[in-house]
Structure formats: structure tokens, C-alpha cells
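Structural features, examined
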Amino acid sequence: GGPSTAPPAKVQSWTKVTPGAATIMKDFNSEIGVKQIQITVNNEAQNVKVSVTKYDGKPADVSVTKTGKVYQYLQINVDNVAGKLDKANVQFRVEKTWATTNNVNKDKVVVSKFDGTSNKWNELATTYASEDSTHYYYDVELTSFSYFAISEKSVVGAGGDTGAGTGGTSGEDAGGSLIWLWIVIVVVLAAVIWFVMSKKK
């Protein structure tokens with residue numbers, strides 16, 4: 001095969017980023033599911049570089065596919081802010097045509113971050129912000145960067161919720177079983193007492 005084409009990306013650099021003033025990256029290609037990134041630092045950072053890369057499918061470095069309907073996979077990298085980043089406010093966007101085609105309500109869209117240590121996707125607090133004729137916009141606050149997925153929210157009970165749900169259910173089953181055991185014991189005792197009393201008569 002021939003050389004593979006690089007995924008759509010946007011890169012921007014700053015010589016210096018200082019505390020107290022947000023550094024804003026915008027004017028993204030319409031193909032990329034990010035509208036704006038706003039970075040604030042708590043200590044001066046130099047030669048800061050932000051890169052945002054869009055993938056058509058699961059990135060090769062990500063071991064787990066995000067469950068549900070995925071709009072887009074992204075990678076956000078920020079260089080030279082280690083120990084100096086206060087937070088980053090990112091506004092993600094989703095095409096309305098995708099939401100309509102996939103029957104995903106605008107309130108059911110979530111941004112998830114890939115945790116390479118535990119090899120799982122963690123859904124982030126995703127706030128619907130606004131919309132225009134073509135896109136829905138969502139605000140997410142970050143304190144670190146990685147691979148991200150814009151998708152529909154996971155169904156309750158799937159993924160990370162499974163363990164808790166299963167534990168709760170088995171606990172209730174165990175409680176129910178104990179109640180029935182006591183009822184059986186009481187009935188048997190009552191029968192024995194009745195039998196002994198009737199024998200005495």
C-alpha cells in the first residue's frame with residue numbers, strides 16, 4: 001500500500017502563556033469536533049504548543065472502542081504546561097445531521113476521555129451550551145489531555161456501572177433468600193409445636 005494520509009489536525013503555538021489571561025485557540029476546520037480551547041495557567045509557561053487531531057475511527061494507540069454511537073475520536077495534546085496548567089475549557093461540537101441520522105438527542109451527547117492506565121473510557125461532565133443551524137455545542141472542563149470520544153451517553157448499567165448494579169442486585173437477592181429461609185424455619189417450628197401439643201392431648 002501507499003503512504004497513509006495523516007488525519008486532519010490543527011496546531012498552534014505560543015511563545016509565552018501567563019497566569020491571569022486565558023489563551024484561546026479557535027478557527028478549527030469544520031471537520032474537527034472542537035470549536036474552541038481556552039487554556040489558563042497558574043505559572044508562566046513558555047513555548048506552549050496545542051495540537052488537536054481528528055480520527056475517522058478508533059486511534060491505533062487506544063485499546064478499547066467507545067461503546068455506543070461515536071461521532072468522533074480526537075486527540076488533544078498540550079506541550080510544556082506540565083505542573084503549570086490551571087484548567088482548559090474546551091467547547092466540542094456535533095453536527096446536527098449526525099445526531100438526527102443516528103437518533104441521538106442533543107441532551108444525550110457526552111465527551112469521554114481515554115484512561116491509558118486502566119484502559120477504559122471515562123465520561124466527563126458535558127454541558128450543552130448552544131446550537132446554530134449546523135451544530136450543537138458542548139462545554140467540558142479539563143485538567144489534563146489524552147484521546148477523547150464524542151458519543152452518545154452510555155446506557156445506565158453498562159460499562160463502569162455494571163459492577164455496582166450487579167452487586168446491588170445480588171445483595172437484594174441474598175436478602176430475599178434469607179427472609180424466605182426464616183419463614184420456612186418458623187413454619188416448620190410451628191408445625192412441630194402443633195404436632196407435640198396434639199400428641200399430649
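Predicted model, so just to flag it, every value in this text is computed and none were measured.

Side note on the pattern of salt bridges
Applying the stated criterion across every chain yields a total of six salt bridges. The closest approach of N and O atoms between E141 and K87, which form a salt bridge, is 4.0 Å. Taken together, the residues span a long stretch of sequence, with E141 in strand β10 (residues 135–142) and K87 in strand β6 (residues 85–95) at a distance of 54 residues. One connected set of salt bridges, linked through shared partners, spans E31, K54 and D56.

Overview of the pairing of strand β3 (residues 34–41)
The sheet contact formed by strand β2 (residues 23–25) and β3 spans three bridges and is antiparallel. Pairing of T23 across the sheet is with I39, part of β3. Strand direction decides the pairing type here: β3 and β6, joined by seven bridges, are antiparallel. From the neighbouring strand, Q38 faces β6, where its bridge partner is N89.

Overview of the nonpolar core
By size, the foremost hydrophobic cluster in this structure holds 35 residues, and its most contacted members are V34, I37, V50, V52, I76 and F92. Contact partners of V34, with chain neighbours within four places excluded, come to F28, V52, L74, V90, Q91, F92 and R93. Formed by seven residues, the second largest nonpolar core is a distinct cluster that contains Y55, V62, W121 and Y147.

Looking at the sheet that holds strand β9 (residues 127–131)
Spatially, β2-β3-β6-β10-β9 is the arrangement adopted by the five strands of the open sheet, whose pairing is antiparallel. Across the chains shown, the open sheet's two edge strands, defined by having one partner strand only, are β2 and β9. The average angle at which neighbouring strand axes cross in this sheet is 20 degrees, direction not considered.

Comments concerning the side chain of K66
Position of K66 among the secondary structure elements: in the loop between β4 (45–55) and β5 (70–79). For K66, the side chain forms a polar contact with the side chain of S154, separated by 3.4 Å. Ignoring anything within four residues of it in the chain, the contact list for K66 reads Y73, S112, W121, E123, A149, S151, E152 and S154.

Details of the packing of aromatic side chains
Aromatic ring pairs are reported here in terms of the distance separating the ring centres and the angle at which the planes meet. For the structure on display, the rule yields seven aromatic pairs. The interplanar angle of 65 degrees and the centroid separation of 5.9 Å between the aromatic rings of Y128 and Y138 together place this pair among those described as edge-to-face. One end of the pair, Y128, is in strand β9; the other, Y138, is in strand β10, with 10 residues separating them in the sequence. According to the relative accessible area criterion, Y138 is buried, its value standing at 1%. Put simply, the rings of Y73, F114 and W121 touch in pairs and so form one group of aromatic residues. Across from the ring centre of F28, 5.7 Å away, lies the NZ or CZ of K10, which sits over that ring. One cation-aromatic arrangement involves K35 over Y137; the distance from NZ or CZ to the ring centre is 4.6 Å.

Topic: the environment of V110
By the secondary structure assignment, V110 is in strand β7 (residues 109–115). Along the backbone, V110 and A125 are 15 residues apart, and their C-alpha atoms lie at a distance of 7.7 Å. Filtering out sequence-adjacent residues up to four positions away, V110 remains in contact with E123, L124, T126, A149, I150, S151, E152 and K153.

Rules used in this analysis
Residues numbered from 1 in each chain as written. Predicted model: local features only at pLDDT ≥ 70, side-chain atom pairs only at ≥ 80, totals over all residues. Heavy atoms only, no water. Salt bridge = Lys/Arg side-chain N within 4 Å of Asp/Glu carboxyl O. Helix = DSSP H or I, 4+ residues; strand = E, 2+ residues; numbered from the N terminus. Pairing = 2+ DSSP bridges. Core = buried A, V, L, I, M, F, W, Y, C linked by side-chain atoms within 4.5 Å. Buried < 20%, exposed > 50% of the residue type's maximum accessible area, 1.4 Å probe, protein only. Contact = heavy atoms within 4.5 Å. Axes fitted to C-alpha atoms, helices over the stretch in contact; angles between N-to-C directions. Polar contact = N/O pair within 3.5 Å; in protein donor to acceptor, adjacent residues only side chain to side chain. Phe/Tyr/Trp six-rings, centres within 6.5 Å; stacked < 30°, edge-to-face > 60°. Lys NZ or Arg CZ within 6 Å of the ring centre and 35° of its normal.

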